[in-house]
Amino acid sequence: MAMSWHIRVLNNAAIFLGHQASAIVTQPDDEGDTGSVISSMDGSIFSDQDPSGFTGAVDDSSDDQEVIRMEDILLENIDMLTDKSSKTRLSALTYVDKTFCQKVVSDFLTGRVLELMEVITKGIKRASGAERCQNARMAMLLSVQLGTEFDLASAKPVLTTAMNDASIPVMERAMCLNALGFCVFMSAIDSLEVVKLMEVFEGFYSNRRLNPSLIQAALNSWSLLLTVAPQMLIRQLVDRQFSVLQTLLGSDSTGINISSGQAISLLFELARDCDVDVDGESSEVADALHDMAADSNRYKGRKDRSQQRSCFRDFVETIEDGSVPEKHIKIGSETLKLDTWSRIIQYGALREILGNGLHAHLQSNEVVREVFSMGPIPVVTVADRYLEKMEKKYFNARYSKMRTKARSKQRDKRSDFV
């Protein structure tokens, strides 16, 4: 069944390629040609020069026009970021945010980075509410597009000031704190920059008097930076932070509990990779994690309790036997394997920022691909794109048919009781 489906896909692809190449395929000679579509393409389309086998002329004018239109609209919205009306600025920020999430526009940004950074820093300094949060997000999205070319020297001071300003609402401070950690993770070249910021975040989550949102943001950002911290730092962190992280496990906040448990698991994983002895701490930490995995406090909602138990079961397995819950992400013809806490945390941070747009960035953003060591961007031919589209089409059709049959059976069962 599966083989016949694949054969149908390939036949459709062959017909498609035949139609696309009809403009350049030579007419059959007078004696007639009753060969198949594939045979009529031999020698005229498939050649040794193109390993994909497709050299037909493809009209990309519609795609080019779409890109030009998108860039024109994006440029208009970037210009509106300096408008006097806060409503207009916020609307423009939302559009630019959406575009940066869904598209890789690093080439378009050439020559416009200084202008954008000036808008972002001014917005973080002077704006308030949703506009300040949106500008902090813009800083993160710009670092995803630019990587080490991101102007961290301009963004860091304003983000640091905002996250430390007690007069600013907590959610805005937490967003600026997250933005600072993420931008350093994506663009910092000097490991000393990472180490210094980790110490700042340690001061935040060690202060139990702070708002839980700030503590959780500091924990998450600290863990993200730990994934790229120098190995020589791990021994110090084991001695300095294990007890602090363990005390956070007793928090009333489910988010803080999960974030601290994940940080402990990551630290254990890195310690073992660096041959740092953690056997003395493992038994005590494992007991604490077991308690959290069996937590049944009624003051927490059912969903929070379920999420906490599921996460802490994974954390316990990491501490006791070093295992990690593996995940495989399909990206076109590639598969991204998340088999360490470092990768899981990095993927989670990027997913939090990019949402569903992460898939497009994993395919064609060199900065994001470098985070996961995915290598150069693969070349995708027209035939590959068509086959992928046809596979999705047939999969959806088969799923729809199965769903219709299942619903029909349910209707038949209900009719028996009427």
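A quick note: this is a predicted structure, and the numbers were derived from the prediction, not measured.

1. A short note on the packing of aromatic side chains
- The full count for this structure, using the stated rule, is six aromatic pairs.
- Geometrically, the ring pair formed by Phe315 and Trp341 is tilted, given 5.4 Å between the ring centres and 55 degrees between the ring planes. Pair noted here: Phe315 is in helix α14 (residues 302-321) and Trp341 is in helix α15 (residues 341-354), with a separation of 26 residues, a long-range link.
- We classify Phe315 as buried; its relative accessible area is 3%.
- Grouping aromatic residues by their ring pairs yields a cluster made of Phe312, Phe315 and Trp341.
- Positioned above the aromatic ring of Phe108, the side-chain terminus of Arg112 is 4.2 Å from the ring centre.

2. Points about a negative patch on the surface
- Side chains of Glu284, Asp287, Asp291, Glu317, Glu320 and Asp321 sit close together on the surface and give a patch of like negative charge.
- Breaking the negative patch down by element, the ones donating at least two residues are α13 (279-293) and α14.
- With respect to the helices and strands, Glu317 occurs in helix α14.
- Of the residues examined, Glu317 reaches a relative accessible area of 39% and is grouped as partly exposed.

3. Quick look at the environment of Ser251
- Looking at the element boundaries, Ser251 is found in the loop between α11 (234-247) and α12 (254-273).
- Its relative accessible area of 12% is what places Ser251 among the buried residues.
- The spacing of Ser251 and Pro212 is 39 residues in sequence and 9.0 Å in space, taken between C-alpha atoms.

4. Considering unusual backbone geometry
- One non-glycine residue, Asp275, lies in the positive phi region at around 60 degrees.
- Position of Asp275 among the secondary structure elements: in the loop between α12 and α13.
- A positive phi angle, near 55 degrees, is found at Ser373, a position not held by glycine.
- Looking at the element boundaries, Ser373 is found in the loop between α17 (366-371) and α18 (382-416).
- A residue is classified by how much of its surface remains accessible, and Ser373, at 63% relative accessible area, is exposed.

5. Remarks on the pairing of strand β1 (residues 327-331)
- In this structure, β1 lies alongside strand β2 (residues 334-338), joined through five bridges in antiparallel fashion. The partner of Ile331 across the bridge, within β2, is Glu334.
- Two successive antiparallel strands, β1 and β2, enclose a turn made up of two residues, where Gly332 displays a positive phi of approximately 60 degrees.

6. A few points about the pattern of salt bridges
- Enumeration according to the criterion identifies seven salt bridges in this entry.
- Arg240 is paired through a salt bridge with Glu202; the nearest N and O atoms lie 3.0 Å apart. Residue Arg240 is located in helix α11, and its partner Glu202 is located in helix α9 (residues 191-205); the two are separated by 38 residues in the primary sequence.
- With a closest N to O distance of 2.9 Å, Arg369 and Glu334 form a salt bridge. Of the two residues, Arg369 is situated in helix α17 and Glu334 in strand β2; the sequence distance between them amounts to 35 residues. Grouping residues by exposure puts Arg369 and Glu334 together as buried.

7. Details of the packing of helix α5 (residues 113-126) against helix α7 (residues 152-164)
- At their nearest, the axes of α5 and α7 sit 9 Å apart, and the two run at 10 degrees to each other. Regarding the angle of α5 to α7, the classification is roughly parallel. Between α5 and α7, the contacting residues are Met117, Thr121, Ile124 and Lys125 on the first element and Ser154, Ala155, Val158, Leu159 and Ala162 on the second.
- In the contact of α5 with α7, the residues fall into six nonpolar, two polar and one charged.

8. Digging into the layout of surface pockets
- Approximately 1100 Å³ is the volume found for the second largest pocket.
- Asn220, Gln262, Gly348, Ala349 and Glu352 are the residues nearest the centre of the second largest pocket, which is lined by 36 residues in total.
- Mapped onto the lining of the second largest pocket, the elements with two or more residues apiece are α6 (130-146), α8 (170-187), α10 (212-226), α12, α14 and α15.
- Per-element accounting of the lining of the second largest pocket gives the leading share, nine residues, to α15.
- Of the residues contributing to the lining of the second largest pocket, the split by class is 18 nonpolar, 13 polar and five charged.

9. A few points about the environment of Ala229
- For Ala229, the location among the structural elements is in the loop between α10 and α11.
- Using a relative accessible area of 15% as the deciding quantity, one classes Ala229 as buried.
- Here the alpha-carbon distance between Ala229 and Ser191, two residues 38 residues apart in the chain, equals 6.8 Å.
- What Ala229 contacts, discounting residues up to four positions off in sequence, is Val194 and Met198.

Conventions we followed
Residues numbered from 1 in each chain as written. Predicted model: local features only at pLDDT ≥ 70, side-chain atom pairs only at ≥ 80, totals over all residues. Heavy atoms only, no water. Phe/Tyr/Trp six-rings, centres within 6.5 Å; stacked < 30°, edge-to-face > 60°. Helix = DSSP H or I, 4+ residues; strand = E, 2+ residues; numbered from the N terminus. Buried < 20%, exposed > 50% of the residue type's maximum accessible area, 1.4 Å probe, protein only. Lys NZ or Arg CZ within 6 Å of the ring centre and 35° of its normal. Patch = residues over 30% accessible without salt bridge, like charges linked within 9 Å, V, L, I, M, F, W, Y side chains within 5 Å. Areas by Shrake-Rupley, 256 points an atom, 1.4 Å probe, with all protein chains shown as cover. Salt bridge = Lys/Arg side-chain N within 4 Å of Asp/Glu carboxyl O. Lys, Arg positive; Asp, Glu negative; His and termini not counted. Charge placed at Lys NZ, Arg CZ, Asp CG, Glu CD. Pairing = 2+ DSSP bridges. Axes fitted to C-alpha atoms, helices over the stretch in contact; angles between N-to-C directions. Parallel < 35°, antiparallel > 145°, perpendicular 65-115°, else oblique. Contact = heavy atoms within 4.5 Å. Nonpolar A, V, L, I, M, F, W, Y, C, P; charged D, E, K, R; others polar. 1 Å grid on protein atoms, 1.4 Å probe; cavity = no way out; pocket = protein on both sides within 12 Å on 5 of 7 lines; lining within 4 Å. Points joined across faces, edges and corners; volume = space filled by probe spheres on them.

Read these as layout, nothing more, since geometry by itself doesn't imply function.
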